[in-house]
Amino acid sequence: AESAAAAPPRFTLTDRRQIEAQHVSDQLSNFKRQAPLLLTLSVLTALCLLFNALTLGVTQNTRGMALLRAAGMTVGDVARMVALEGLIMGACGWALGLLGGWASLTVFVRRAAEAFPAGVMMGWATPAATAAGIAVLTLLSLLWPCRRARRIAPLEALAAEESDPFWLNFDI
């Protein structure tokens, strides 16, 4: 009889606040586990988008760049022009991403205010680290488009006949 009295109880009573606190804690721990994955996906997406935009820009402006080269622009000037375009795109993307992230975090914190009693705070490290990361991504995404822009031969590009886009050449 004494061993039955010394055993821990099988059931414990909890109130609604304890259950809600546990639920918020579970949500927060899930968010902390998923944040690196979300960050990785957003970085890879940014790299792909920037690379595609710059490569497409060089491809579509080949004749224009050839005209500029024929008018006296050097190979380095053309590469700098493409690099400047990429740097502007990277800086604008960084600023919009930082503002979008701030807005998303603000909404998240308002929904789980008890988990973040101090609210949303961002020091200098976050903008500095993201700016450095975007600078590296921008430089990586500029390698191929700048190389391609440097290889444009003015006479060959101007002599090439413009053809219709491939999707207009289908015989139906």
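Residues numbered from 1 in each chain as written. Predicted model: local features only at pLDDT ≥ 70, side-chain atom pairs only at ≥ 80, totals over all residues. Heavy atoms only, no water.

A. Quick look at a nonpolar patch on the surface. On the surface, Phe31, Leu37, Leu38 and Leu41 cluster together into a nonpolar patch covering about 380 Å² of accessible area. Turning to its location among the elements, Leu41 is positioned in helix H2 (residues 16-60). (Patch = residues over 30% accessible without salt bridge, like charges linked within 9 Å, V, L, I, M, F, W, Y side chains within 5 Å. Areas by Shrake-Rupley, 256 points an atom, 1.4 Å probe, with all protein chains shown as cover. Salt bridge = Lys/Arg side-chain N within 4 Å of Asp/Glu carboxyl O. Helix = DSSP H or I, 4+ residues; strand = E, 2+ residues; numbered from the N terminus.)

B. The arrangement of the packing of helix H3 (residues 62-70) against helix H4 (residues 75-111) in detail. Between H3 and H4, whose axes approach to 9 Å, the crossing angle comes to 140°. Taken together, the axes of H3 and H4 are oblique relative to one another. Here H3 and H4 pass one another in a crossing that is right-handed. From H3, Met65, Leu68 and Arg69 reach across to H4, where they touch Val75, Val78, Met81 and Val82. Taken together, the residues of the contact of H3 with H4 break down into 6 nonpolar, no polar and 1 charged. (Axes fitted to C-alpha atoms, helices over the stretch in contact; angles between N-to-C directions. Parallel < 35°, antiparallel > 145°, perpendicular 65-115°, else oblique. Left-handed = near helix turned anticlockwise from the far one by under 90°. Contact = heavy atoms within 4.5 Å. Nonpolar A, V, L, I, M, F, W, Y, C, P; charged D, E, K, R; others polar.)

C. Seen up close, the environment of Met73. Position of Met73 among the secondary structure elements: in the loop between H3 and H4. Leaving out residues up to four positions away in the same chain, Met73 has contacts with Leu68, Val78 and Met81.

D. A look at the pattern of salt bridges. Following the criterion strictly, the structure yields 1 salt bridge and no others. Arg80 is paired through a salt bridge with Asp77; the nearest N and O atoms lie 2.7 Å apart. Highlighted residues: Arg80 and Asp77, both in helix H4, separated by 3 residues, approximately one helical turn. A relative accessible area of 53% means that Arg80 is categorised as exposed. Using a relative accessible area of 27% as the deciding quantity, one classes Asp77 as partly exposed. (Buried < 20%, exposed > 50% of the residue type's maximum accessible area, 1.4 Å probe, protein only.)

E. Seen up close, the nonpolar core. The biggest cluster of nonpolar side chains holds 13 residues, and the ones touching the most others in it are Val58, Met65, Val82, Leu142, Cys146, Ala149 and Ile152. Ignoring anything within four residues of it in the chain, the contact list for Leu142 reads Leu54, Val82, Ala83 and Gly86. (Core = buried A, V, L, I, M, F, W, Y, C linked by side-chain atoms within 4.5 Å.)

F. The environment of Leu54, seen in detail. Turning to its location among the elements, Leu54 is positioned in helix H2. Distance in space between the C-alpha atoms of Leu54 and Ser141 is 7.8 Å, their sequence separation being 87 residues.

G. Representation of helix H5 (residues 125-150). Its 26 residues place the ends of H5 36 Å apart at the C-alpha level, agreeing with the 38 Å of an ideal helix rising 1.5 Å per residue. Maximum bend of H5: about 35°, positioned at Leu143, with proline Pro145 one to four residues after it. (Expected span 1.5 Å × (residues − 1). Bend = angle between axes of the 7 residues up to and from the residue.)

H. Examining the confidence of the model for the protein more closely. On average, the protein scores 81 in pLDDT, and the residues at 70 or more come to 84%. Here helix H1 (residues 2-6) is the element of the protein with the lowest mean pLDDT, 61, and H5 is the one with the highest, 91. (pLDDT = per-residue confidence, 0-100.)

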